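# Descriptive analysis of the structure
So you can see what is in the structure, the chains are spelled out below.
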Amino acid sequence: MLRLWRWYQNCLAIHPVKTQVISSGLIWGFGDIAAQTITHSTAKKHRHLQEEDKELKINWKRVATTSLFGFGFVGPVGHYWYEGLDRYIRLRLCLQPNSFRFVATKVAIDGFIFGPLDLLVFFTYMGFSAGKSFPQVKENVKRDFVPALILEGGVWPIVQVANFRYIPVRYQLLYVNVFCLLDSCFLSWIEQQEDAPWKQWLNSLLPSKEKRGQGG
């Protein structure tokens, strides 16, 4: 394990972007395999499968599609995002590294900009990759975005506090990618849930607020 870590450090030092891209793609691919396994197990447990579907069959096309999201978006964009965010906070805002304001500002900017963008790109990309039309993708994004944002909003700030406080900038994307193994599993599972009742309930919270605003 130590040799593997040293090898990774060497790759990161020589080819930082390439290393981040490859590791992100692999992690998101593994995450989707886990998501398919969990979804199949859940459906089997609740007897929602036909007899011929009870054996797990990994959708490798979907795994490849999800991996490409890691390769094409999470890896390169994440690399430049964390590097750029750190420079902006230190040099433009002149905040002391690892101070409370430094970490809190990073978490806030990351949560309000990169988090929603990541979800929006993921659900849009997965929709078009599945061959859906623009109206279908739009409806799926409306269906999946709010539930994912609400649920992730309770977890990622905690993850990022530790990340921005204790992890050196060059390893921050790796740290995030470790949690992305769970996150990619979660997002893939969210997308596969389609019109689950709990998602309809979460989405109903937003229109209800709009209606109260119009009523006032």
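Below you will find a few notes about this structure. (Residues numbered from 1 in each chain as written. Predicted model: local features only at pLDDT ≥ 70, side-chain atom pairs only at ≥ 80, totals over all residues. Heavy atoms only, no water.)

### So, the overall build of the protein chain
Scanning the protein chain from terminus to terminus reveals eight helices and zero strands. Of the contacts made within the protein chain by residues no fewer than 6 positions apart, 75% connect residues no fewer than 24 positions apart. Split by element, the accessible area of the protein chain, about 13,000 Å² in all, is 64% carbon and sulfur. (Helix = DSSP H or I, 4+ residues; strand = E, 2+ residues; numbered from the N terminus. Contact = heavy atoms within 4.5 Å. Areas by Shrake-Rupley, 256 points an atom, 1.4 Å probe, with all protein chains shown as cover.)

### Overview of the pattern of salt bridges
In the structure shown here, the tally under the stated rule is five salt bridges. Put simply, Arg62 and Asp32 hold a salt bridge, and the shortest N to O gap is 3.0 Å. With Arg62 in helix 3 (residues 60-92) and Asp32 in helix 2 (residues 16-45), the pair connects residues that are 30 residues apart, well separated along the chain. Here the two residues Arg62 and Asp32 agree in accessibility, since each one is buried. Because the salt bridges share partners, they merge into one network encompassing Asp86, Arg90 and Lys106. (Salt bridge = Lys/Arg side-chain N within 4 Å of Asp/Glu carboxyl O. Buried < 20%, exposed > 50% of the residue type's maximum accessible area, 1.4 Å probe, protein only.)

### Notes on the packing of aromatic side chains
Where two aromatic rings form a pair, the distance of their centres and the angle of their planes describe that pair. By the definition in use, this model includes 14 aromatic pairs. With a centroid separation of 5.1 Å and 70° between ring planes, the pair formed by Trp28 and Phe69 is classed as edge-to-face. Residue Trp28 is found in helix 2, and its partner Phe69 is found in helix 3; the two are separated by 41 residues along the sequence. You can call Phe69 buried: its relative accessible area is 2%. Centroid distance Trp81 to Phe114: 5.5 Å. Interplanar angle 15°. Geometry classified as stacked. With Trp81 in helix 3 and Phe114 in helix 4 (residues 100-129), this residue pair connects regions lying 33 residues apart in the sequence. Owing to a relative accessible area of 18%, Trp81 belongs among the buried residues under this scheme. An aromatic cluster is built from Trp28, Phe69, Phe73, Trp81, Tyr82, Phe114, Phe122, Phe123, Tyr125 and Phe164, whose rings are joined through pairwise contacts. (Phe/Tyr/Trp six-rings, centres within 6.5 Å; stacked < 30°, edge-to-face > 60°.)

No statement about biological role is implied by the geometric values presented.
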